[in-house]
Amino acid sequence: MTSTYITLGILYLVQGFPYGIQSGLLPVLLRTQGLSLSQIGLTRVLYLPWLLKVLWSPLVDGHLSRRVWLRLSTGGLCICCLLCSLLPSGATFTPLAWLLLLMHVFSSLQDVALDAVSVAVLTREQVGVGNSLQVVAYKLGSVLAGGGSLTLLEALGWRPIFLLLAAAYFLAVLCVGARVLQSEESAKREELKDPYSKVGLREVIRKVLWVPGTMWTCGYVLMYKLGEQGSLSMVPLLLLDQGVSAAELGVFSGIISVVLSIAGSVFGGALLTKDRYLPSLLRTTLCLRSLCLVLQTMLLRALRPDARLLHVCILLSLVLQHFLAGIITTVTFSLMMHCTQQADKSIQATHYSLLSSLEVLGKVCFSAISGLLVDYLGVSVSFSLFIVFSCLPVLHLQSTPPTLK
């Protein structure tokens, strides 16, 4: 089983690169070029392929093997990084935006195939560890491509950074030939031979929505990150406006915070291995996250350029928020996978893609408008709204269906 975890970990690691570039490197570069918070927030539209991946998940379920899809998508990401390395460091936003959009297309396609493999090869007892590994590897990839690139940009330059990312994708393509994926591919061939596995789109949708607990899980994953995303996307930029350097933000927000987020994901996976009650664990952590957001809002109301101690306290609150987010994300993904494992194997990729697409939809849409809220409502009012939204999933957990408990 160790080889399975290693293979999945490497593939989830490189899957986090585009998110790291988009969330860690790009906002700081654009802010230093004079773009407003609203304009930077609207760049979240580049995440659109993650919202649409449920539309091509039936292709992964019904055509070719998942190993072929993984090779195509990971190879495409390698080519995109090579093209990014050819851009001059002072290039306009437009060519980089198109390449990032293409990277999100390949990354979301890779995610569909890789999640389907994870659902197929992990037993119910291994779901906690598997999802902890998934979240940890993805976040580690995002910190390497985001905070790491931001920190090393001046020392190495634009081209070497993207050449290193391309080399990592090339190594990941080689990992696609691992034994665990070969065995999963053989099972997939047998599944494709089954004449009853070819069903119409309407029947696929009906089967997906009738899986026990699906509608409740859809509602939960849409709302559970709203307040958190608004805070995490705005706090670094607000600190940048108050004189905190991009390098310091890269260390605290791009590296230390993600390391603590990874620690939270590992801690959440450890709790799941002890057969803890999922809704109770989520409820406790979500309440702690709301309290952290309240503290952060109080600190932001007193924010000023010369308050160095206040800057440090806000950065520490950001770190704590990332730790709690790591726990919540791991437990939530385990909840999603438990729900998908109740579905027929012929629609598991589509089912999990639906849940993960909605999970991204909630995060992206709210982080896209969070800049507008801060620009037009001010810090105090907008962050008060973030607190309200962070309390909604706690109320939703009161009606958890028995199949997910």
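This one's a predicted model, so the numbers in the text were calculated from it and none came from an experiment.

Q: Report on the overall build of the chain, specifying residues and quantitative values.
A: Looking only at helices and strands, the chain features 18 helices and 0 strands. Scored against the burial criterion, the 405 residues of the chain give a buried share of 57%. For the chain, the share of sequence-separated contacts (at least 6 apart) that also reach a separation of at least 24 residues comes to 87%.

Q: Tell me about the nonpolar core, residues and numbers included.
A: Ranked by size, the top nonpolar core spans 69 residues in total, and within it Ile21, Met103, Tyr169, Leu239, Ile314 and Phe383 carry the most contacts. In terms of residue count, the dominant contributor to this core is helix H6 (residues 93-121) (10 residues). Setting aside chain neighbours within four positions, we find Tyr169 in contact with Val14, Phe17, Pro18, Thr74, Leu77, Cys78, Cys81 and Met103. Residues Val208, Leu281, Ile347 and Leu355 belong to the second largest nonpolar core, which totals 33 residues.

Q: Provide a residue-level description of empty space enclosed by the protein, including the pertinent values.
A: One pass over the full model with this rule turns up 1 cavity of 30 Å³ or more. Computed from the structure, the largest cavity encloses a volume of approximately 1000 Å³. Looking at the lining of the largest cavity element by element, the count peaks at 7 residues for helix H17 (residues 348-377).

Q: Let's hear about the packing of helix H13 (residues 226-241) against helix H18 (residues 379-396): which residues, and what values?
A: Interaxial distance between H13 and H18 falls to 7 Å at its minimum, and their mutual angle equals 150°. Accordingly, the angle class assigned to the pair H13 and H18 is roughly antiparallel. The crossing of H13 and H18 is left-handed. Residues Leu226, Gly227, Gly230, Ser231, Met234, Val235 and Leu238 of H13 form the contact with H18, whose participating residues are Val379, Phe383, Phe386, Phe389 and Ser390. Class assignment for the residues of the contact of H13 with H18 results in 8 nonpolar, 4 polar and no charged.

Q: Give me the packing of H13 against helix H16 (residues 308-340): which residues, what numbers.
A: Viewed as axis vectors pointing N to C, H13 and H16 meet at an angle of 150°, and their least axial separation amounts to 11 Å. The angle between H13 and H16 places the two elements in the roughly antiparallel class. Here the hand of the crossing between H13 and H16 comes out left-handed. Where H13 approaches H16, its residues Glu228, Ser231, Leu232, Val235, Pro236 and Leu239 are matched on the opposing element by His311, Ile314, Leu315, Leu318, Gln321, His322 and Ala325. Split by residue class, the contact of H13 with H16 holds 8 nonpolar, 4 polar and 1 charged.

Q: An account of H16 is needed here, citing residue identities and associated values.
A: The terminal C-alpha atoms of H16 lie 48 Å apart, and with 33 residues this matches the ideal 48 Å at 1.5 Å per residue to within 8%. With respect to burial, H16 is a largely interior element, 26 of its 33 residues being buried.

Q: If you had to explain the environment of Ile328 to someone new, which residues and values would you point to?
A: With respect to the helices, strands and loops of the structure, Ile328 is situated in helix H16. Sequence separation between Ile328 and Ser261 is 67 residues; the distance between their C-alpha atoms is 9.9 Å. In this structure, Ile328 is in contact with Tyr220, Tyr224, Leu282, Thr285, Leu286 and Arg289, ignoring residues within four places of it in sequence.

Q: Any chance you could break down the environment of His322 for me, citing the residues and the numbers?
A: Topologically, His322 is positioned in helix H16. Classification of His322 as buried rests on a relative accessible area of 14%. Taking the C-alpha atoms as reference points, His322 and Val259, 63 residues apart in sequence, are found 8.6 Å from one another. Not counting residues up to four positions away in its chain, the partners in contact with His322 are Leu232, Ser257, Leu260 and Ser261.

Cut-offs and rules
Residues numbered from 1 in each chain as written. Predicted model: local features only at pLDDT ≥ 70, side-chain atom pairs only at ≥ 80, totals over all residues. Heavy atoms only, no water. Helix = DSSP H or I, 4+ residues; strand = E, 2+ residues; numbered from the N terminus. Buried < 20%, exposed > 50% of the residue type's maximum accessible area, 1.4 Å probe, protein only. Contact = heavy atoms within 4.5 Å. Core = buried A, V, L, I, M, F, W, Y, C linked by side-chain atoms within 4.5 Å. 1 Å grid on protein atoms, 1.4 Å probe; cavity = no way out; pocket = protein on both sides within 12 Å on 5 of 7 lines; lining within 4 Å. Points joined across faces, edges and corners; volume = space filled by probe spheres on them. Axes fitted to C-alpha atoms, helices over the stretch in contact; angles between N-to-C directions. Parallel < 35°, antiparallel > 145°, perpendicular 65-115°, else oblique. Left-handed = near helix turned anticlockwise from the far one by under 90°. Nonpolar A, V, L, I, M, F, W, Y, C, P; charged D, E, K, R; others polar. Expected span 1.5 Å × (residues − 1).

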